[in-house]
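Fold and geometry: a report
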Protein chains: 2
Amino acid sequence: MNEFRNSLLGNDNDKLQVVFLVQSNHFLITMSLLQHNHVAASLSSSTSAFFAQNGFDVLRTQIVSLPTKKAAVCKCVATSPAEQTAYKTKVSRNGNIAKLQAGYLFPEIGRRKAAHMLKYPDAQVISLGIGDTTEPIPDVITSAMAKRALALSTIEGYTGYGAEQGEKELRARLASTFYSNLGIEEDDIFVSDGAKSDISRLQVLFGSNVTMAVQDPSYPAYVDSSVIMGQTGQFQKDVEKFANIEYMKCTPENDFFPDLSKVSRTDIMFFCSPNNPTGSAASREQLIQLVKFAKDNGSIIIYDSAYAMYVSGDTPKSIFEIPGAKEVAIETASFSKYAGFTGVRLGWTVVPKELKYSDGFPVAKDFNRIVCTGFNGASNIAQAGGLACLSPEGLAAMHQVVGFYKENTQIIVDTFTSLGFKVYGGKDAPYVWVHFPGQSSWDVFSEILEKTHVVTTPGSGFGPAGEGFVRVSAFGHRNNVLEACRRFKELYK
Amino acid sequence: MNEFRNSLLGNDNDKLQVVFLVQSNHFLITMSLLQHNHVAASLSSSTSAFFAQNGFDVLRTQIVSLPTKKAAVCKCVATSPAEQTAYKTKVSRNGNIAKLQAGYLFPEIGRRKAAHMLKYPDAQVISLGIGDTTEPIPDVITSAMAKRALALSTIEGYTGYGAEQGEKELRARLASTFYSNLGIEEDDIFVSDGAKSDISRLQVLFGSNVTMAVQDPSYPAYVDSSVIMGQTGQFQKDVEKFANIEYMKCTPENDFFPDLSKVSRTDIMFFCSPNNPTGSAASREQLIQLVKFAKDNGSIIIYDSAYAMYVSGDTPKSIFEIPGAKEVAIETASFSKYAGFTGVRLGWTVVPKELKYSDGFPVAKDFNRIVCTGFNGASNIAQAGGLACLSPEGLAAMHQVVGFYKENTQIIVDTFTSLGFKVYGGKDAPYVWVHFPGQSSWDVFSEILEKTHVVTTPGSGFGPAGEGFVRVSAFGHRNNVLEACRRFKELYK
């Protein structure tokens, strides 16, 4: 397993920087001290006014240290080759896992980033690649978690096993906060350690005999977890798709919403809105079509609303805003991108009691069994944080975090727009989807990395319809985003 | 979902008690104030001396409140029947989940406990049923978690996504603490949100085409997760077993170690030692036999060592103490029963790089892929707690917690022994396995509940070979354990 650490420290005048790179396995340890002409980044006055509250003051100036943390994009690189031993068991390798492609997106990016950092050990590499949050968690939330942690040392405050489905109060608060008047009740909500875990649990729920559809492009975990469960055929190199998965093309031509007249019926339809990676949020009209399509086909939608708080205007924040959706949809959501909980781990999944299998059996009853058998609930400390997130102060603080990243998005959108690119997403999502027509995503990725030291994500990594696009994430310290945009302007001027 | 809360508060002279019972769905809310002749419970001088340290002073007297928390045994009761809606999807219910038995152990106990509490609303019900920890987490551990939580509100202390496999420092500390000189390295260790989650992930790893063996009796999650993955046939009512699972009988006749000459070869062998529910810890000699058996058959052992710190003497604490085990075994473990982390959620699984599939492919490489695709790492706050657990102070504190529960165990063992029962387990585990020859476990469970208001666990719920036994858990406040034992003596005098 490769391990990377890229830590950038800036002093008051932003001239002195330390780049520190550690890789545990195949590479060297490099440390260098360099002078870097960091162009002064300034925030607009409206921006700085916006952040002159609740712990965001530090963002107003550039006199900050910018730890960019272990690059999460590098985490999934396979373990180093095992030492050769003679003994082998007689257990066959799971053939479904063997179908997965070695060139999984984020490890590949990690490898390329690593190679780049070896080539340019002095470069100030900025990652706008993986969607990893960078801004501190608001105080009101962490103090609730600290309080809960300390209470666990008291007789009165100690709690052991919690309900696998989550604490009653948190489930109730989630229902009233996000699903008020939508008919979703406390017992429809299953609190989890995050959407990624729940996506896998949902795959286990449905098993290997279902068919599934994904948006193309989409978050790789949908397809990979489907492959692992044995729902798919082999990977077909020529079309860059797994057999037996319905890839629903989402491109500028169809406003990033699939042409449902061309989509084959499947049992399960993953649908993410606002979408990762395209940043596109489906309109109410589009979601009405989607629900009707599912209803006509007897399909189940797994609606990933992890970015719902980034939505503005009338665009739905939940699939359950669409009449009838409770009979055909599951929704999975997360605190990660609202409260910076990517490391704290807390999410939830809504399985309405109205959702039934073909034999009339409630899906929620089986999901409850899956959760009870293979999960013991989210950390009680994280749940205390979740409850604080849903207090009036917590909600205001989360809106500030979301607002901050949306300002980053606007900076990135403005940059590429000013350079003449066609830019999508960004409005209702923390991702900007930049079009490089006729070019290979990986070529663009490589050129940007080579010439600007900025890590992005090649669109083709999310599916074949992502070819020719690059995803730029808005998760980053303001200075890093501004500096990256300065370099983009330099490159594409 | 039924929700229960049973809170018992005792005043100085232990005469005034409040019993508060809430059930959200099918039952009434009952509240009563009663006078209860609580027999004075006294600790031996050695006991009180032992706990006159580090926050355990409170345990020395009976002037404590005894919150028994939400009864975790009731958590898995199925959701209430969904309202009738006309619409059904065309998605077939997963046939494997349909194989699971409705009368799953802990929900059934929950239902019986609920009925009992309705019948005797004034009873002081004591739960020695599910193995849920009750003692506060040592300060050194919770303060580390609180510190980490608060640091997440700072630019310097904020971390986003961590490595799915766990933080490097924690993995290294786990390796050096529990596997020193056993050849297990940091990168063989995958930190998780608990053993139960990892058991399910291991099932997903191996897929539906493997065969598996379990100890009979054993922790129900092994069998249930296997059924869910489609590794088994239907449940066979006559023998109380699922088809295609090898049940390895563990009874007093074979010293709770299976007669391997009668065990059929399977791909996977779940083996828990110290065992839940029998409390029996396999000896070095027995584990050497087990590893040899696996090696001869090319099988993979999934060794559940969640209670390893309860082991004393030369009895192995890890399967990797057995030469050659790295080529045939995975070990899953947890902080739950050492540090009271049942609600905090932190565990780990060791997949040695020497463990290979029949084609020579390393199992760890696929497990890494499973973890990366369906998990995003344990909560960073919980991991900070884990690191504190492994500090010298944390280790000492965990040993105290374990020592406290082992004293409870001894009290229970002594009680049943003095009453003339054959008692097993208890020495190297927090579970006491009491034999009621010729009787039905459920009948014994019911009689104990009816006449003493103490919840135990019927042995047959862990497998057919558990028939005629009852498991008594040592997880409980001292006063509750002493009071339960007083009642046992009254019942069986």
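So, here's what we can say about the structure.

About the thresholds
Numbering of residues starts from 1 in every chain and runs along the sequence as written. The order in which chains are written sets their letters, starting at A; the order in which ligands are written sets their numbers, starting at 1. The predicted nature of this model means local features are confined to residues of pLDDT at least 70 and side-chain atom pairs, given and counted, to a pLDDT of 80 or more, with totals for whole chains, interfaces and linings taken over all residues. Hydrogens and water molecules were not included; the side-chain quantities draw on all heavy atoms of the structure. Under the scheme used here, helices are H or I runs from DSSP no shorter than 4 residues and strands are E runs no shorter than 2 residues, and both carry numbers assigned from the N terminus. Any two residues whose heavy atoms approach within 4.5 Å at even a single point are treated as in contact. Each accessible area value is a Shrake-Rupley result obtained with a 1.4 Å probe; residue values ignore everything except the protein chains displayed when judging cover. The quantity reported as buried area is the accessible area (1.4 Å probe) lost by two parts once they are put together, taken as the sum for both. Take a side-chain nitrogen of Lys or Arg and a carboxyl oxygen of Asp or Glu: if they are within 4 Å of each other, that pair is a salt bridge. Nitrogen and oxygen atoms within 3.5 Å of one another constitute a polar contact, given that in protein one can donate a hydrogen and the other can accept it, and given that sequence-neighbouring residues count only through two side-chain atoms. Put simply, Ala, Val, Leu, Ile, Met, Phe, Trp, Tyr, Cys and Pro go in the nonpolar bin, Asp, Glu, Lys and Arg in the charged bin, and everything else, Gly too, in the polar bin. Here the copies were fitted onto each other by least squares, based on C-alpha atoms from residues at pLDDT of at least 70 in both. Partly exposed residues are those whose accessible area sits between 20% and 50% of the maximum for their type, while under 20% is buried and over 50% is exposed, using a 1.4 Å probe and protein chains only. Strand pairing follows a simple DSSP-based rule, namely that at least 2 bridges must link the two strands. Only the stretch in contact is used when a helix axis is fitted, and all axes are lines through C-alpha atoms; the angle between N-to-C directions ranges over 0 to 180 degrees. For patch building, the residue pool is restricted to those with more than 30% relative accessible area and no salt bridge; the joining distance is 9 Å between like charges and 5 Å between nonpolar side chains (Val, Leu, Ile, Met, Phe, Trp, Tyr). Counted as positive: Lys and Arg. Counted as negative: Asp and Glu, with His and the chain ends omitted from the count. Charge positions come from single atoms, namely NZ of Lys, CZ of Arg, CG of Asp or CD of Glu. Reported orientations rely on four angle classes, namely roughly parallel under 35 degrees, roughly antiparallel over 145, roughly perpendicular from 65 to 115, and oblique for the rest. Crossings are sorted by hand: turned counterclockwise from the far helix by less than a right angle, the near helix makes the crossing left-handed, and turned clockwise it makes it right-handed. Two cysteine sulfur atoms form a disulfide, by the criterion used here, when they sit within 2.5 Å. Here, expected helix span is obtained from the residue count minus one, scaled by 1.5 Å. Taken from the helix axis, the directions to the C-beta atoms give the arc we talk about. Put simply, buried Ala, Val, Leu, Ile, Met, Phe, Trp, Tyr and Cys residues joined by side-chain atoms within 4.5 Å make one nonpolar core. Each domain's extent is set by a domain assignment, obtained either automatically or from a database. Put simply, two rings from Phe, Tyr or Trp (the six-membered ring, in Trp's case) pair if the centres are within 6.5 Å, and we call them stacked under 30 degrees between planes, edge-to-face over 60, tilted for the rest.

From N to C terminus, chain A includes 14 helices and 19 strands. Taking contacts inside chain A between residues at least 6 apart in sequence as the whole, the part at least 24 apart equals 72%. Of the accessible surface of chain A, which amounts to about 16,400 Å², a share of 53% is contributed by carbon and sulfur atoms.

On to the side chain of Ser305 of chain A, then. For Ser305 of chain A, the position within the fold is in the loop between strand 12 (300-304) and strand 13 (329-334). Beyond its immediate chain neighbours, meaning those up to four positions away, Ser305 of chain A contacts Ser273, Lys317, Glu331, Thr332, Ala333 and Tyr338 of chain A.

Here we take up unusual backbone geometry. Geometrically, the link from Asn276 of chain A to Pro277 of chain A is a cis peptide bond, its omega value of 20 degrees lying close to zero. Here the bond from Ser273 of chain B into Pro274 of chain B is cis, since omega is -5 degrees, no more than 30 degrees from zero. Along the polypeptide, Pro274 of chain B turns up in the loop between strand 11 (268-272) and helix 8 (284-297). At Asn244 of chain A, a residue that is not glycine, the phi angle is positive and equals roughly 70 degrees. You can see Asn244 of chain A is positioned in the loop between strand 9 (241-242) and strand 10 (245-249).

Listed as interface residues are 120 residues of chain A and, on the opposing side, 120 residues of chain B. Surface buried jointly by chain A and chain B totals about 10,100 Å² across both partners, of which 57% is contributed by carbon and sulfur atoms. In this structure, the connection of chain A to chain B is made through six salt bridges. Here chain A and chain B share 51 residue pairs in polar contact (both at pLDDT 80 or more) between them. Looking at the side of chain A that touches chain B, the elements that each hand over two or more residues are helix 4 (139-151), helix 5 (168-178), helix 6 (195-206), helix 7 (220-228), helix 8 (284-297), helix 10 (363-374) and helix 11 (380-389) of chain A. Looking at which element gives the most residues to the side of chain A that touches chain B, the answer is helix 10 of chain A, with eight residues. Taken together, the residues of the side of chain A that touches chain B break down into 46 nonpolar, 41 polar and 33 charged.

When chain A is fitted to chain B, the best match, at an RMSD of 0.0 Å, comes from turning it 180 degrees and sliding it 0.0 Å along the axis. The operation mapping one copy onto its partner corresponds to a two-fold rotation axis. For chain A, the minimum C-alpha distance to the rotation axis belongs to Ala146 of chain A and amounts to 2.0 Å.

Our next topic: helix 11 of chain A. Burial analysis of helix 11 of chain A places ten of its ten residues in the buried class, which makes it a mostly covered element. Taken as a whole, helix 11 of chain A has its buried residues at Asn380, Ile381, Ala382, Gln383, Ala384, Gly385, Gly386, Leu387, Ala388 and Cys389 of chain A.

This paragraph deals with the sheet that holds strand 14 (residues 347-350) of chain A. Residues and elements named next belong to chain A. Taking strand neighbours across the sheet as the criterion, the seven strands line up as 6-14-13-12-11-7-10 in an open arrangement whose pairing is mixed. The two strands at the open ends of the sheet, each matched to only one other strand, are strand 6 (189-192) and strand 10. Strand-to-strand twist of the sheet, defined as the mean angle between neighbouring strand axes without regard to direction, takes the value 20 degrees. Sitting on the sheet, helix 5 is in contact with strand 6 and strand 14, with an inclination near 115 degrees to strand 6.

Its location among the elements puts Thr142 of chain A in helix 4. Excluding residues within four positions of it along the chain, Thr142 of chain A makes contact with Ile137 of chain A together with Ala149, Leu150, Leu152 and Ser153 of chain B.

So, on to the sheet that holds strand 15 (residues 423-425) of chain A. All names here are of chain A. Read from one edge to the other, the open sheet built from four strands follows the order 15-16-19-18, with strand pairing classed as antiparallel. Two strands lie at the open edges of the sheet, namely strand 15 and strand 18 (457-458), each paired on one side alone. Looking at chain direction, strand 18 and strand 19 (residues 469-473) are connected through two bridges and run antiparallel. Paired with Thr457 across the bridge in strand 19 is Arg471.

It is worth spelling out the pairing of strand 7 (residues 212-216) of chain B at this point. The side chains of a regular strand alternate, residue by residue, between the two faces of the sheet. Residue and element names in this part refer to chain B. Of all five residues making up strand 7, five are buried, and the element is well covered by its neighbours. Here strand 7 shows two buried faces, one formed by Met212, Val214 and Asp216 and the other by Ala213 and Gln215. Here strand 7 pairs with strand 10 (residues 245-249) via five bridges, running parallel. Bridge pairing in strand 10 links Val214 to Tyr247. The pairing of strand 7 with strand 11 spans two bridges and is parallel. Opposite Ala213, over in strand 11, you have Met269 as the bridge partner.

Moving on, we get to a negative patch on the surface. A cluster of acidic residues, Asp238, Glu240, Asp443 and Glu467 of chain A, forms a negative patch on the protein surface. Among the secondary structure elements, Glu240 of chain A is positioned in the loop between strand 8 (235-236) and strand 9.

Moving on to the packing of helix 7 of chain A against helix 10 (residues 363-374) of chain B. Across the interface, helix 7 of chain A lies against helix 10 of chain B with an axial gap of 9 Å and an inter-helix angle of 135 degrees. Comparing their axes, helix 10 of chain B and helix 7 of chain A come out oblique. Considering how the two elements wind past one another, helix 7 of chain A and helix 10 of chain B form a crossing that is left-handed. Touching Ala221, Asp224, Ser225 and Ile228 of chain A of helix 7 of chain A are Arg369, Ile370 and Thr373 of chain B, all from helix 10 of chain B. Counted by class, the contact of helix 7 of chain A with helix 10 of chain B contains three nonpolar, two polar and two charged residues.

A few words now on the state of the cysteines. All names here are of chain A. Under the criterion given, the structure shown has zero disulfides over all chains. Cys272 takes part in no disulfide bond, and the closest cysteine sulfur, belonging to Cys250, lies 10 Å away. What makes Cys272 buried here is its relative accessible area of 1%.

A few words now on helix 4 (residues 139-151) of chain B. Given 3.6 residues to a turn, an α-helix orients residues that are three or four positions apart in the same direction. Here helix 4 of chain B contains 13 residues, and its C-alpha end-to-end distance of 18 Å stays within 8% of the 18 Å for a straight helix at 1.5 Å per residue. Residues Ile141, Thr142, Met145, Ala146, Arg148 and Ala149 of chain B constitute the buried set of helix 4 of chain B. Angularly, the buried residues of helix 4 of chain B cover 160 degrees about the axis, an arc narrow enough to put them on a single face. Structural note: helix 4 of chain B exposes Asp139 and Lys147 of chain B on the side pointing more than 90 degrees away from its buried face. Buried positions along helix 4 of chain B lie against helix 4 and helix 11 of chain A together with helix 9 (336-339), helix 11 (380-389) and helix 12 (392-418) of chain B.

The biggest cluster of nonpolar side chains holds 206 residues, and the ones touching the most others in it are Phe206 and Phe341 of chain A together with Phe206 and Phe341 of chain B. Shared between two domains, this core holds at least three residues of each, these being domain 1 (4-82 + 103-137 + 395-492) and domain 2 (161-390) of chain B. Excluding residues that lie within four positions of it along the chain, Phe341 of chain A makes contacts with Ile137, Ile141, Met145, Phe335, Ser336, Leu346, Ala382, Gly385, Gly386 and Cys389 of chain A together with Tyr158 of chain B. Of all hydrophobic cores here, the second largest spans 23 residues; its members include Leu128, Val423, Ala484 and Cys485 of chain A.

With that settled, consider the packing of helix 13 (residues 441-452) of chain B against helix 14 (residues 478-492) of chain B. Each pair of packed helices can be described by the angle between their axes along with the distance between the axes. Residues and elements named next belong to chain B. It is the contact of helix 13 with helix 14, at a shortest axis distance of 10 Å, that shows an interaxial angle of 105 degrees. As far as their axial angle goes, helix 14 and helix 13 are roughly perpendicular. In contact with Val444, Glu447, Ile448, Lys451 and Thr452 of helix 13, helix 14 contributes Arg487, Phe488, Leu491 and Tyr492. Grouping the constituent residues of the contact of helix 13 with helix 14 by class yields five nonpolar, one polar and three charged.

This part takes up the pairing of strand 19 (residues 469-473) of chain B. Residues and elements named next belong to chain B. Buried residues dominate strand 19, accounting for five of its five residues. Where strand 16 (residues 431-435) lies against strand 19, five bridges are found, and the strand directions are antiparallel. In the strand pairing of strand 19, His435 is matched with Phe469.

Within a pair of aromatic rings, the relevant descriptors are the distance that separates the centres and the angle that separates the planes. Within the structure shown, the criterion is met by 56 aromatic pairs over all chains. Measuring from centroid to centroid gives 5.1 Å for Phe178 of chain B and Trp348 of chain B, while their planes differ by 20 degrees, and the two rings are stacked. One end of the pair, Phe178 of chain B, is in helix 5 (residues 168-178); the other, Trp348 of chain B, is in strand 14 (residues 347-350), and 170 residues separate them in sequence. Take Phe178 of chain B: its relative accessible area is 22%, and that puts it in the partly exposed class. Accessibility expressed as a relative area gives 1% for Trp348 of chain B, which makes it buried. Both rings, one in Phe190 of chain B and one in Phe367 of chain B, keep their centres 5.0 Å apart while their planes meet at 85 degrees; by these two values the pair is edge-to-face. With a gap of 177 residues between them, Phe190 of chain B in strand 6 (residues 189-192) and Phe367 of chain B in helix 10 connect regions that are remote in the sequence. Considered together, Phe190 of chain B and Phe367 of chain B belong to a single accessibility category, that of buried residues. Put simply, the rings of Phe178, Tyr179, Phe320, Phe335, Phe341 and Trp348 of chain A pair up and form one aromatic cluster.

Everything listed here is a matter of coordinates, which is why it stays silent on function.
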